[in-house]
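Here is how the chains run, residue by residue.
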Amino acid sequence: PAVHDPRWKARVPRDAGASWDFEDVRDHYTALLYGVDPARLRRENPDRYLTYARATTAEVMEASFAEWRRPGSTCHGALVWTLQDLLPGAGWGVIDATGRPKSAWYALKRAFRPLQVLLSDEGVNGLDVHVLNETAAPRDLVVELACLRDGEQPVVSGRRNLSLDARSTASLAATDLFGAFFDTTYAYRFGPPSHDVTVARLLDAATGERLADAFHFPLGRPAALHRAQIDMTLNRLDESRWALDLSTNRFVQSLSIACDGWTSDDDGFHLAPGAARRIILNATSAAVGLPSGRLSGLDGHTGLNF
């Protein structure tokens, strides 16, 4: 069994001579990001421990690359170690020992989008929105930004059309999108907080297609863990592909898909109200039938069988 088998810990990578291993590092960030006790969770509820562990890895990797890719960063590149685990367990590959993508793989897929929107918390200077076009062609884009109370009610929102040249970037202050001062990062703390999550979307100006999204949690991620009602339709695309069309009434963190015999084109993603999201399921074997699995949110209550 995972977590409690001695072989699990023996296969966790570590630096030579260190008293800690990389699972200890991840547990540190799990406690920091989600306010849970990883050691207790590991003993009492190993499945929830693994759910938080996968979400932590994804969130830390996305946040790190967002910081490095923003226009003001002096970082010019980064290395990811390594491609694949050699043995079952908590390895440092982005795909597991059987060749299936892990949460890190999906996180990096989102982090490496050539058309990207990023959010950076500048403290009392507010929230900055960075838009990147790393393609070889100019693009007409739309940026949307909304602050949600209780993960559902927009308290302030803004929208801006942008034309970006090839290999170019743009940075905007959230207040410029809103057209007025708003404590987006909850740095001034003038009264109780008005929102628990800020959602940025990057759209194609011509088609309205969602190209990227980004999220900021002014009160921390635990304050934005909500039980939501997810609507889903399952649509067949061809013999080996189906589409999950998803929408939600409240913000959901780290929504994961478990479906034997199928892989999804995204996993561990956040889902915000106000726009539908399509996830493609691809068959992993020749025995193709109707996909059957479960959608689960990080809050532990949001879920849907299909």
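Scoring rules and cut-offs
Residues numbered from 1 in each chain as written. Predicted model: local features only at pLDDT ≥ 70, side-chain atom pairs only at ≥ 80, totals over all residues. Heavy atoms only, no water. Core = buried A, V, L, I, M, F, W, Y, C linked by side-chain atoms within 4.5 Å. Buried < 20%, exposed > 50% of the residue type's maximum accessible area, 1.4 Å probe, protein only. Helix = DSSP H or I, 4+ residues; strand = E, 2+ residues; numbered from the N terminus. Contact = heavy atoms within 4.5 Å. Phe/Tyr/Trp six-rings, centres within 6.5 Å; stacked < 30°, edge-to-face > 60°. Lys NZ or Arg CZ within 6 Å of the ring centre and 35° of its normal. Patch = residues over 30% accessible without salt bridge, like charges linked within 9 Å, V, L, I, M, F, W, Y side chains within 5 Å. Areas by Shrake-Rupley, 256 points an atom, 1.4 Å probe, with all protein chains shown as cover. Salt bridge = Lys/Arg side-chain N within 4 Å of Asp/Glu carboxyl O. Pairing = 2+ DSSP bridges. Axes fitted to C-alpha atoms, helices over the stretch in contact; angles between N-to-C directions.

1. As for the nonpolar core
Of all hydrophobic cores here, the largest spans 24 residues; its most connected members are Leu 145 and Leu 202. Elements represented by at least two residues in this core include exactly strand 1 (115-121), strand 2 (127-133), strand 3 (139-149), strand 4 (153-164), strand 5 (168-173), helix 6 (174-178), strand 6 (197-204) and strand 7 (210-216). Among the elements that make up this core, the one with the highest residue count is strand 3 (4 residues). For Leu 145, the residues in contact, after removing those within four places along its chain, are Leu 119, Val 129, Val 156, Ser 157, Gly 158, Ala 174, Leu 177, Phe 178, Thr 198, Val 199 and Ala 200. Formed by 16 residues, the second largest nonpolar core is a distinct cluster that contains Leu 244, Cys 259, Leu 271 and Ile 279.

2. A few points about the environment of Ala 214
With respect to the element layout, Ala 214 can be found in strand 7. The buried category is assigned to Ala 214, whose relative accessible area is 10%. Linking Ala 214 and Arg 110, residues 104 residues apart in sequence, is a C-alpha distance of 9.7 Å. In contact with Ala 214, other than residues within four places in its own chain, are Val 117, Leu 118, Leu 119, Thr 198, Val 199 and Ala 200.

3. Quick look at the packing of aromatic side chains
Counted under the stated rule, the structure contains 11 aromatic pairs. On the basis of an interplanar angle of 90° and a centroid distance of 5.1 Å, the ring pair of Trp 105 and Tyr 106 is categorised as edge-to-face. Relative accessible area serves as the criterion here: at 5%, Tyr 106 is assigned to the buried category. Members of the aromatic cluster, connected to one another through ring pairs, are Trp 20, Phe 22 and Trp 92. Against the face of Phe 269 rests Arg 277, its NZ or CZ located 4.8 Å from the ring centre.

4. So, a nonpolar patch on the surface
There is a patch of nonpolar side chains on the surface, built from Trp 20, Val 25, Tyr 29 and Leu 32 and spanning about 360 Å² of accessible area. Of note, Tyr 29 is situated in helix 2 (residues 22-34). Residue classification places Tyr 29 among the partly exposed positions, given a relative accessible area of 32%.

5. Section: the sheet that holds strand 2
Within the open sheet, the 3 strands sit side by side as 1-2-5. Their pairing is antiparallel. Sheet topology places strand 1 and strand 5 at the edges, where each strand pairs with a single neighbour. Averaged over all pairs of adjacent strands, the angle between their axes in this sheet comes to 20°, without regard to strand direction. Looking at chain direction, strand 1 and strand 2 are connected through 7 bridges and run antiparallel.

6. Notes on the pairing of strand 6
The two faces of a sheet get side chains in turn, since along a regular strand they alternate between them. The element strand 6 is largely enclosed, with a buried count of 8 among its 8 residues. Where burial is concerned, the two faces of strand 6 agree: the one with Val 197, Val 199, Arg 201 and Leu 203 and the one with Thr 198, Ala 200, Leu 202 and Asp 204 are both buried. Relative to strand 7, strand 6 is paired through 6 bridges, and the arrangement is antiparallel. Within strand 7, the position partnered with Arg 201 by the bridge is Asp 213.

The values reported here are purely geometric and, on their own, carry no functional implication.
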